[in-house]
Amino acid sequence: MHIHHFFGNKGFFMLILITYDVNTETAAGKARLRKVAKQCQNYGQRVQNSVFECNMDAAKCRQVKALLESIIDKDKDSLRFYYLGDKYKNKVEHIGAKPGFDVTEPLLL
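Since the structure is predicted, the reported quantities are computational estimates derived from the model, not experimental observations. (Residues numbered from 1 in each chain as written. Predicted model: local features only at pLDDT ≥ 70, side-chain atom pairs only at ≥ 80, totals over all residues. Heavy atoms only, no water.)

## Quick notes on the overall build of the chain
Just so we agree on the cut-off: Note on conventions: DSSP H or I runs of at least 4 residues are helices, E runs of at least 2 residues are strands, and numbering of each starts at the N terminus. Residue exposure (1.4 Å probe, protein chains only): buried if accessible area is under 20% of the type maximum, exposed if over 50%, otherwise partly exposed. Only heavy atoms matter for contacts: two residues are in contact if any of them lie within 4.5 Å across the pair. Reported accessibility uses the Shrake-Rupley method at a 1.4 Å probe radius. Residues are deemed covered only where the shown protein chains occlude them.
Within the chain one finds three helices and four strands. Written out in order from the N terminus, the α and β elements of the chain read α-β-α-β-β-α-β. Each of the 109 residues in the chain was classed as buried or not, and the buried ones make up 31%. In the chain, 66% of the contacts between residues at least 6 apart in sequence involve partners at least 24 apart. Accessible area of the chain: about 7600 Å², with a carbon and sulfur share of 51%.

In structure tokens, the structure reads:
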């Protein structure tokens, strides 16, 4: 399935959930895990271990997807992209620790 089906016009932002599972049985696997996590942090907010919420348009999504694909070992690791759209607020429910937040709002540090 192509990303443009979800995004429509260029510049349209939507919430994308990126999840990954990296085999860490070797030193190389541990290095891949750190690289994937670092890149995901550059484009989104960690909401759980190996789960990031990212608000981006189609062009940025393709770029991030290609970058992450270049890092993982496709025989041992996996990536999943969930395209939640721009009306995601009623699709996401949070319970427990680490309170939820709106990824479209400015982040104050």
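## Some thoughts on the side chain of Asp57
Rule in force here: Whenever a nitrogen or oxygen atom comes within 3.5 Å of another N or O atom, the pair is scored as a polar contact, on the condition that within protein one atom can donate a hydrogen and the other can accept it, and that pairs from neighbouring residues in sequence are kept only if both atoms are in side chains.
Examined against the element boundaries, Asp57 turns out to sit in the loop between strand E3 (51-56) and helix H3 (58-71). Assessed through its relative accessible area of 14%, Asp57 is described here as buried. A polar atom in the side chain of Asp57 sits 2.9 Å from the backbone nitrogen of Lys60.

## Digging into the packing of aromatic side chains
Our working rule: Two rings from Phe, Tyr or Trp (for Trp, the six-membered ring) form a pair when their centres sit within 6.5 Å of each other. Planes less than 30 degrees apart are called stacked, planes more than 60 degrees apart edge-to-face, and all others tilted. Either the NZ atom of lysine or the CZ atom of arginine qualifies as a charge over a ring when it sits within 6 Å of the ring centre and within 35 degrees of the ring normal.
Enumeration over the complete set of coordinates arrives at one aromatic pair. Between the aromatic rings of Tyr20 and Phe52, the centroid separation amounts to 6.2 Å while the plane-to-plane angle is 20°, which identifies the pairing as stacked. Taken as a pair, Tyr20 in strand E1 (residues 14-21) and Phe52 in strand E3 lie far apart in primary sequence, 32 residues in all. Of the two residues, Tyr20 and Phe52, neither departs from the other in class, the shared state being buried. A cation sits over an aromatic face here: Lys65 above Phe81, 6.0 Å from the ring centre.

From the geometry alone we can't say anything about function, so treat these as descriptive.
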